[in-house]
Amino acid sequence: MNIEKELKNIEESIGSEELLDKVLSAYVEEMKKELYDVEQEYRESKQALDSVLDVEQREALEAMEKSFMDNMRYGLKFGFKRGIFAGFQQFFVSESPKDAFNKFAHDELLIMPNMGKYPEYHNRRTEINHLSNKVMEGLDEEQQEHATTIYCTYDEKGFGVLRHAFFFGYRFALSIIEEVELLGVSSIIDKILSTEHELGFTMTRMERERVRYKSLE
């Protein structure tokens, strides 16, 4: 058995279309609960631009969307692996960072100059911005707003994929810890709650009360 090849196959399965679709669906549903329908705004902007873009602009838009999707696949594997690392680090290292997602994923992949360490992702991001400028050429202000909406929709989805992928990897690490050492996870409950709060998957009691009171106004 070729171990390197099998490890590569496992890594590729993490970036599968099926998993990406599930992660994107989770993000879209999350946004709907926040009363923000990202898909509806995207569809409206695409329809508005459909009759005004020339052939070159259409090709640039298609290429931009494809590069965004390729970067999401990259972010899916990147976030998952970084989440695994963070979960194990929190268990084995007493002084582990409380902002694990920002430290290991967000600030690494999405923020310069760290993004430059990942040329495949960074080069596509540079090309995305170039293609976006080509789409914008000659459009009036309203049409440019629609083009910006499409760009921002993909940008926000990319962040959502990275965030959810990190949490999947993080939970995967915790599940292994729990299987090997039954009560092991209980020793880092404070770190788990802190990580879930950083990712926006849980709220403090004060935050829950504020949301509840706001809904009653």
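Residues numbered from 1 in each chain as written. Predicted model: local features only at pLDDT ≥ 70, side-chain atom pairs only at ≥ 80, totals over all residues. Heavy atoms only, no water.

1. Concerning the overall build of the protein chain
Looking only at helices and strands, one finds nine helices and zero strands in the protein chain. Element order for the protein chain, N to C, with α for helix and β for strand: α-α-α-α-α-α-α-α-α. Summarising its shape, the C-alpha atoms of the protein chain cover approximately 60 × 60 × 30 Å along the three principal directions. Per-residue burial over the protein chain gives 39% buried out of 217 residues. Taking all contacts inside the protein chain whose residues are at least 6 apart in sequence as the whole, residues at least 24 apart take part in 74%. Summing over all exposed atoms, the protein chain offers an accessible surface of approximately 13,200 Å²; the carbon and sulfur share of this is 53%. Each charge class in the protein chain can be summarised by its mean position, and for the 28 positive and 43 negative side chains these summaries are 5 Å apart. (Helix = DSSP H or I, 4+ residues; strand = E, 2+ residues; numbered from the N terminus. Buried < 20%, exposed > 50% of the residue type's maximum accessible area, 1.4 Å probe, protein only. Contact = heavy atoms within 4.5 Å. Areas by Shrake-Rupley, 256 points an atom, 1.4 Å probe, with all protein chains shown as cover. Lys, Arg positive; Asp, Glu negative; His and termini not counted. Charge placed at Lys NZ, Arg CZ, Asp CG, Glu CD.)

2. Observations concerning unusual backbone geometry
Look at the link from Met112 to Pro113: it is a cis peptide, with omega at 5°. Mapped onto the fold, Pro113 is located in the loop between α5 (100-109) and α6 (119-136).

3. Quick look at the environment of Phe68
On the secondary structure map, Phe68 appears in helix α4 (residues 55-92). You can call Phe68 buried: its relative accessible area is 3%. Between the C-alpha atom of Phe68 and that of Met136, which follows or precedes it by 68 residues, the distance is 17 Å. Discounting residues that sit within four places of it in the chain, Phe68 has contacts with Arg125, Ile128, Tyr151, Tyr154 and Asp155.

4. Thoughts on helix α1 (residues 3-14)
Relative to the 16 Å expected for 12 residues at 1.5 Å per residue, α1 spans 17 Å between its end C-alpha atoms, a close match to the ideal helical length. Regarding α1, its N-cap is Asn2, as a side-chain oxygen of that residue lies 3.2 Å from the backbone nitrogen of Glu4 further along. (Expected span 1.5 Å × (residues − 1). Polar contact = N/O pair within 3.5 Å; in protein donor to acceptor, adjacent residues only side chain to side chain.)

5. Looking at the nonpolar core
Counting 23 residues, the largest nonpolar core has Met64, Ile150 and Val161 as the members making the most contacts within it. Of all the secondary structure elements, the ones that give two or more residues to this core are α2 (17-33), α3 (38-50), α4, α6 and α7 (141-180). Residues within four places of Met64 in sequence aside, it is in contact with Ile128, Leu131, Ser132, Ile150 and Tyr151. Membership of the second largest hydrophobic core comes to 22 residues, among which are Phe167, Ile177, Val185 and Leu199. (Core = buried A, V, L, I, M, F, W, Y, C linked by side-chain atoms within 4.5 Å.)

6. Structural notes on the side chain of Gln143
Relative to the assigned elements, Gln143 resides in helix α7. With sequence-adjacent residues up to four places away left out, Gln143 is seen in contact with Leu49 and Val52.

7. Quick word on the packing of α4 against α7
Two quantities define a packed helix pair, namely the angle between the helix axes and the distance between the axes. Viewed as axis vectors pointing N to C, α4 and α7 meet at an angle of 25°, and their least axial separation amounts to 6 Å. The angle between α4 and α7 places the two elements in the roughly parallel class. Relative to α7, α4 is oriented so that their crossing is right-handed. For the contact of α4 with α7, the residue count by class is 25 nonpolar, seven polar and four charged. (Axes fitted to C-alpha atoms, helices over the stretch in contact; angles between N-to-C directions. Parallel < 35°, antiparallel > 145°, perpendicular 65-115°, else oblique. Left-handed = near helix turned anticlockwise from the far one by under 90°. Nonpolar A, V, L, I, M, F, W, Y, C, P; charged D, E, K, R; others polar.)

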